[in-house]
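Tertiary structure, described
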Amino acid sequence: MPGTDDAAKAITAAVVDSFRDTPDPRLRELLQALVRHLHDYVREVRPTTREWERAVDYLTAVGQTCGPTRQEFILLSDVLGVSMLVETVNEQGGGTEGTVLGPFHVVASPPRASGDSIDLLGSGTPCVVALRVLSADGAPLAAASVDVWQCTEDGFYDVQQPDVQPPGNGRGLFRTDDEGRLWFRTVVPSHYPIPTDGPVGRLLVATGRHPYRPAHIHFVVDADGHRPLTTHVFVAGSPYQDSDAVFAVKDSLVVDFAQVDDVEKAHAHRVAAPFRMAEFDIVLEPGTAGDGR
């Protein structure tokens, strides 16, 4: 109906114009674009009033599921591919590729020294992770902050099993040495399902999608004069690398966790042989914390 279409366009124009005096030009751009795209979506699919009420109820449920140890909105962003898209459009191509933060990041990881273990349970396949943090020109970055977190060999984070895992299990906040190096002891993580007991899980069931993520370790790396990086290292050969529920796998982030049988090398790393070992570099782009992120 022409009259209805004209009225709908007039509503959009009025809402866009309502933000014209927003003092911050970037905020004005973000809000006006959001209105235009959201209104285009409504005009395209023409949701019924009942459907829109259900959508609002769903978003309300997502918010109500959030808490100190769970971020359902991040999970929703992840399964819709938005988190990964934001990372991708902010890539500059000069360093290690980024990927999603995920819903289980804890702001205050326990400080640890290079060589420490983040495995507080003492079970599972022993694993050593050794890495260097470099600038894009190859220079080592000393005193870089490296925040690490991962699940157990059974696929659970500490916050998912407060009665089983001690707080901080699988987590550590490290600093690199003068050569940009650090290493830590852990266990090989497992593939696992994202939480399915909330609104995001219901969405996956309704759409016939599986909830699994391939095995990985999370990193947030920061150094003076460089853009902070949020990324993963994926365990080569893990199931679901070709169908990650949050679309976060990149070939450059897949690392071989090789078996090491050398007893002397095991002794040097304070683990028993055989053990698994992953060695890789993380490269940061020059810039500041606000550059494109």
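Preceding this section is the structure that the text describes.
Residues numbered from 1 in each chain as written. Predicted model: local features only at pLDDT ≥ 70, side-chain atom pairs only at ≥ 80, totals over all residues. Heavy atoms only, no water.

**Comments concerning the overall build of the chain**
Put simply, the rule reads: Secondary structure elements are taken from DSSP: a helix is a run of H or I of four residues or more, a strand is a run of E of two residues or more, and numbering for both begins at the N terminus. Exposure categories follow from relative accessible area, calculated using a 1.4 Å probe and restricted to protein chains: below 20% of the type maximum is buried, above 50% is exposed, and the middle band is partly exposed. Here the accessible surface of atoms and residues is derived via Shrake-Rupley with a 1.4 Å probe, and residues count as covered only by protein chains that are part of the display.
Assigned secondary structure in the chain consists of 7 helices and 11 strands. Principal-axis analysis of the C-alpha atoms gives the chain an extent of 80 × 40 × 30 Å. Residues counted as buried form 41% of the 293 residues belonging to the chain. Total accessible area on the chain is roughly 15400 Å²; 56% of this is exposed by carbon and sulfur atoms.

**Notes on the packing of aromatic side chains**
Quick note on the threshold: In this scheme Phe, Tyr and Trp rings, the latter by its six-membered ring, pair at centre separations within 6.5 Å, and the angle between planes marks the pair as stacked below 30 degrees, edge-to-face above 60, and tilted otherwise.
Inspection of every chain in the model, using the stated rule, returns 5 aromatic pairs. When the centroid spacing of 4.8 Å and the interplanar angle of 25 degrees are considered together, the rings of F104 and Y157 count as stacked. Of this pair, F104 sits in the loop between α5 (82-89) and β1 (126-135) while Y157 sits in the loop between β2 (145-150) and β3 (171-175), and the two are 53 residues apart along the sequence. With a relative accessible area of 5%, F104 lands in the buried category. On the accessibility criterion, Y157 (1% relative accessible area) is buried. Here F174 and F184 contribute two aromatic rings whose centre-to-centre distance is 5.2 Å and whose plane-to-plane angle is 25 degrees, an arrangement assigned as stacked. You can see F174 sitting in strand β3 and its partner F184 sitting in strand β4 (residues 181-187), a full 10 residues away along the chain.

**Focus: the sheet that holds strand β7 (residues 216-222)**
So the rule is basically this: Strand pairing is assigned whenever DSSP detects at least two bridges linking the two strands.
Reading across the sheet, the 5 strands line up as β3-β2-β7-β8-β9 and stay open at both edges, with mixed pairing between neighbours. Looking along the sheet, the strands with just one partner apiece sit at the ends: β3 and β9 (254-255). Taken together, the 5 bridges between β2 and β3 define a ladder with antiparallel strand orientation. The partner of D147 across the bridge, within β3, is L173.

**Here's the deal with the pattern of salt bridges**
Inclusion rule: The rule for a salt bridge is simple: a side-chain nitrogen of Lys or Arg has to be within 4 Å of a carboxyl oxygen of Asp or Glu.
The tally for this structure, following the rule as stated, stands at 14 salt bridges. Here R43 makes a salt bridge to D40, at a shortest N to O gap of 2.8 Å. Linking R43 with D40, this pair stays in helix α2 (residues 25-45), spanning 3 residues, or about one helical turn. Its relative accessible area of 26% is what places R43 among the partly exposed residues.

**Thoughts on the state of the cysteines**
Spelled out, the test is: Only a pair of cysteine sulfur atoms within 2.5 Å qualifies as a disulfide here.
Counted by the stated rule, this structure contains 0 disulfides. No disulfide involves C127; its sulfur sits 12 Å from that of C151, the nearest cysteine.

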